[in-house]
Structures are given as structure tokens and as C-alpha cells.
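# Fold and contact review
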Amino acid sequence: MDNKAKNISSIPIDGFSNLRITSIWTFIMSVQWSEPWLIGLLVFHVVCLCLTVVTCRYYRAQICHFLLMVALVYSAEYLNELAAKNWRSFSNFQYFDSNGMFISLVYSIPLLLNTVIIVVVWVYRTFSTMTELKTLQLKLKTRRDRRQKND
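Residues numbered from 1 in each chain as written. Predicted model: local features only at pLDDT ≥ 70, side-chain atom pairs only at ≥ 80, totals over all residues. Heavy atoms only, no water.

## Brief notes about the overall build of the protein chain
Check the secondary structure of the protein chain and you find 6 helices and 0 strands. Taking all 151 residues of the protein chain together, the buried fraction comes to 26%. Residue pairs in contact within the protein chain that sit at least 24 positions apart in sequence constitute 59% of those at least 6 positions apart. When the accessible surface of the protein chain is summed, it comes to about 11,400 Å², and 65% of that surface belongs to carbon and sulfur atoms. (Helix = DSSP H or I, 4+ residues; strand = E, 2+ residues; numbered from the N terminus. Buried < 20%, exposed > 50% of the residue type's maximum accessible area, 1.4 Å probe, protein only. Contact = heavy atoms within 4.5 Å. Areas by Shrake-Rupley, 256 points an atom, 1.4 Å probe, with all protein chains shown as cover.)

Below, the structure is given as C-alpha cells:
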């Protein structure tokens, strides 16, 4: 029993909400979402999602958008280190841990979800194109067979 109490006391308590952080949900709930930089980050993710939807019709623009998001996710570790060193200049709390849990949850995962949406669109287009091609091939074969039969 004493060991269990010791483990519970080692779980961090968030300074803003006084919640004991035991899961991703309590971690997200412990973030002060009214901070201007977090609002800006949320707006950034909404803009990225809108660009993902809008660029569905423009293949080259979508490739650029995809590559940019992958590069942003790749730079997350560097951004986490930079933010951990300078958090006092833009934030009320130090969210940026050495494991990168915060930046992964609020920065990388939304960007990766956008890239997954783009990949799903690409796979769907590929299957549609392959289906159209096979249909055209079968129609062409049927026409050729009819011509040979008539001759």
C-alpha cells in the first residue's frame, strides 16, 4: 500500500489546472488553451486542414503542401528544443519536455493527420484511375472482338 501511494505522489500535478496528469486526456486538459501562441497554433492547424481540402483538386499544390507538412514534422525535435530554451518569452508554462510529448500532441499529430488525409486521397485517385483504365481496356477489347467477328 505504501508503494502505491509513493507511485501516485510521483505523478506530476499540473500547475494551471491542479489535475494529476495520468493520461493524454488529462495532459491535454491541463494545457492553458487561452495563451495567444496556442490559439495561433490552432489557427495554423485549421488553415493546414483547409489547404488540405482545397488542394485536393490541384495535384502539384497538394504535393508541395504534403512535403511542407512532412518537413514541419521533421523539424519538431529542433522546435521542441528551441521552445524549451525560450518558453518564458511566449508562454506562461513550460510545456516542452525532453520526450517531446507536448509538441507531438499539439504540433506533429495534427500535421501527420493532414498528411494521412492526402495519402488517402492519392490512393483513392490511383484506384479510380486504374478502374477507369481497366474499363476502357475492356471496352476496347470488346470493340475489337466485335470487329473481328463481323469480318
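## So, the environment of Cys-50
Along the chain, Cys-50 falls in helix H3 (residues 36–54). Sequence spacing of Cys-50 and Asn-114 is 64 residues, and the spatial spacing of their C-alpha atoms is 9.7 Å.

## Section: helix H6 (residues 101–150)
For H6, built from 50 residues, the straight-helix expectation of 74 Å at 1.5 Å per residue is met to within 8% by its first-to-last C-alpha distance of 71 Å. The largest bend in H6 is about 40°, located at Ser-108, with the proline Pro-110 one to four residues further on. All of the buried residues in H6 are Phe-102, Ile-103, Leu-105, Val-106, Tyr-107, Ser-108, Leu-111, Asn-114, Thr-115, Ile-118, Val-121 and Trp-122. Contact partners of the buried residues in H6: helix H2 (24–29), H3, helix H4 (59–74) and helix H5 (76–86). (Expected span 1.5 Å × (residues − 1). Bend = angle between axes of the 7 residues up to and from the residue.)

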